[in-house]
Amino acid sequence: MIFVTGATGTIGAEVLYLLKTSDQVVRAGIRQPTVAQLAENAIAFDITQPASFGPALAGVERMFLMRPPAVTNVAETLFPLIDAAKASGVHQIVFLSLLGAEKLSFVPHRKVEIYLQHSGIDYTFLRASFFMQNLQTAHGAEIRQRREILVPAGNGKTSFVDGNDIAAVAVRALTEDGHRNQAYDLTGSEALDYPTVAALLSLELGYPIVYRHPSLRSFLSYQRSRGVTAGQALVMAAIYTTARFGMAARVTNDVARLLGRPPQSLQGYLAQHRQAWLD
Ligand SMILES: NC(=O)c1ccc[n+]([C@@H]2O[C@H](COP(=O)([O-])OP(=O)(O)OC[C@H]3O[C@@H](n4cnc5c(N)ncnc54)[C@H](OP(=O)(O)O)[C@@H]3O)[C@@H](O)[C@H]2O)c1
């Protein structure tokens, strides 16, 4: 049995889909599962509610673990979940982390990595670069409504990766031998700055999308006005600042090596999903 957290999220939903289509026995952790989801082996699971851990983990051998973006205090949430997993007999955790996490002691992902390394459970870290899907999720509304991308990343380059490539690697790590106690750096095949991303998006959509680099103060107040919590906005600002200083630009071969094919390109991704910005 494989337990998938964040099963309605960008990566978790695809992990769940790929596991199901390859006939794995899976359980999906969802905060408020519908009757239809419960019938498909989902379970009520909330990382802030330790009472939900026991039922979710019963009979589970491996787990796909992600940190929900709004969860900043991992010591009170993910650490107890890892303890419960250990007590319940989970023997491998594939954790969705962040590119460069090993050098970013302030990000919650690194704290979880260190905790996992000391847990005695076999781990696989997926240290992912920025998801191409952010252009649909985090930035979707501003691209559709304001025709702009607003992130404090300056002209720093980012090695954007398709979340579906990350999910495919997660499934390999969960179902094949050879991935225990490994860390993978998952990136696309090129690093692009946001002015180039905006230009590619403009080309795809047929009208201009403008990149604006806000000050940290205006980025934080913009995110707060969208309902993002202060803690989450600060983590976002910190992560975009690392991109600004070139720390998200690293391109690796891990996706191609693990999947046996090149990663999705940003142009390919934009063409495949163009309707998302036109609706
Ligand atoms: N976005 C990027 O570019 C990027 C890059 C590298 C790493 N990461 C990391 O990847 C992770 C996922 O990021 P994302 O932006 O793609 O998020 P996401 O998948 O959209 O996250 C939302 C998921 O978290 C679940 N969730 C929210 N609160 C929960 C709770 N209290 N208990 C259990 N589940 C909860 C949601 O489930 P419900 O349906 O229950 O709401 C949903 O499935 C984050 O840790 C992020 O830092 C992101």
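Thresholds, definitions, all that
- Residues numbered from 1 in each chain as written.
- Predicted model: local features only at pLDDT ≥ 70, side-chain atom pairs only at ≥ 80, totals over all residues.
- Heavy atoms only, no water.
- Helix = DSSP H or I, 4+ residues; strand = E, 2+ residues; numbered from the N terminus.
- Rg over C-alpha atoms; globule rule 2.2 N^0.38 Å.
- Buried < 20%, exposed > 50% of the residue type's maximum accessible area, 1.4 Å probe, protein only.
- Contact = heavy atoms within 4.5 Å.
- Lys, Arg positive; Asp, Glu negative; His and termini not counted.
- Charge placed at Lys NZ, Arg CZ, Asp CG, Glu CD.
- Pairing = 2+ DSSP bridges.
- Axes fitted to C-alpha atoms, helices over the stretch in contact; angles between N-to-C directions.
- Parallel < 35°, antiparallel > 145°, perpendicular 65-115°, else oblique.
- Left-handed = near helix turned anticlockwise from the far one by under 90°.
- Near = heavy atom within 4 Å.
- Polar contact = N/O pair within 3.5 Å; in protein donor to acceptor, adjacent residues only side chain to side chain.
- Areas by Shrake-Rupley, 256 points an atom, 1.4 Å probe, with all protein chains shown as cover.
- Nonpolar A, V, L, I, M, F, W, Y, C, P; charged D, E, K, R; others polar.

Asker: Teacher, can you tell me more about the overall build of the protein chain here?
Answerer: Looking only at helices and strands, the protein chain has 13 helices and eleven strands in total. Taken over C-alpha atoms, the radius of gyration comes to 19 Å for the protein chain, in line with the 19 Å a tight globule of 279 residues would show. Over its C-alpha atoms, taken along the principal directions, the protein chain stretches across nearly 50 × 40 × 40 Å. Residues counted as buried form 53% of the 279 residues belonging to the protein chain. Long-range contacts, defined here as pairs at least 24 residues apart, represent 75% of the contacts in the protein chain between residues at least 6 apart. Each charge sign in the protein chain was given a centre, from 25 positive and 22 negative side chains, and these centres are 7 Å apart.

Asker: Would you mind going over the sheet that holds strand S1 (residues 2-4) with me for this structure?
Answerer: Overall, parallel pairing links the seven strands, which are arranged S3-S2-S1-S4-S5-S6-S9 in an open sheet. Of all the strands in the sheet, just strand S3 (42-44) and strand S9 (182-186) have a single pairing partner and so form its edges. Across the sheet, the mean angle from the axis of one strand to that of its neighbour is 20°, orientation sign disregarded. Against the sheet, helix H5 (residues 108-117) engages strand S4 (62-65), strand S5 (92-98) and strand S6 (122-128), with an angle of about 155° to S5.

Asker: What is the right way to look at the packing of helix H9 (residues 216-225) against helix H10 (residues 230-244) in this model?
Answerer: In helix packing, the relevant descriptors are the interaxial angle and the interaxial distance, both defined with respect to the helix axes. Direction vectors running N to C along H9 and H10 enclose 140°, while the axes themselves pass 9 Å from each other. Considering their axes alone, H9 and H10 lie oblique with respect to each other. Here H9 and H10 pass one another in a crossing that is right-handed. Residue-level contacts link Leu216, Phe219, Leu220, Gln223 and Arg224 of H9 to Ala230, Ala233, Leu234, Met236, Ala237, Tyr240 and Thr241 of H10.

Asker: Which parts of the structure should I look at to understand the site of the ligand?
Answerer: Around the ligand, the surrounding shell holds 23 residues, and the nearest of these are Thr8, Arg31, Asp46, Arg67 and His109. In the environment of the ligand, an oxygen atom lies 2.6 Å from a nitrogen or oxygen atom belonging to the backbone of Arg67. A distance of 2.8 Å is found between an oxygen atom of the ligand and a side-chain nitrogen or oxygen belonging to Asn134. Protein contacts shield 81% of the accessible area of the ligand, which totals 890 Å² for the unbound molecule. It is S5 that provides the largest number of residues to the shell around the ligand, a total of three residues. Residue composition of the shell around the ligand, by class: eleven nonpolar, nine polar and three charged.

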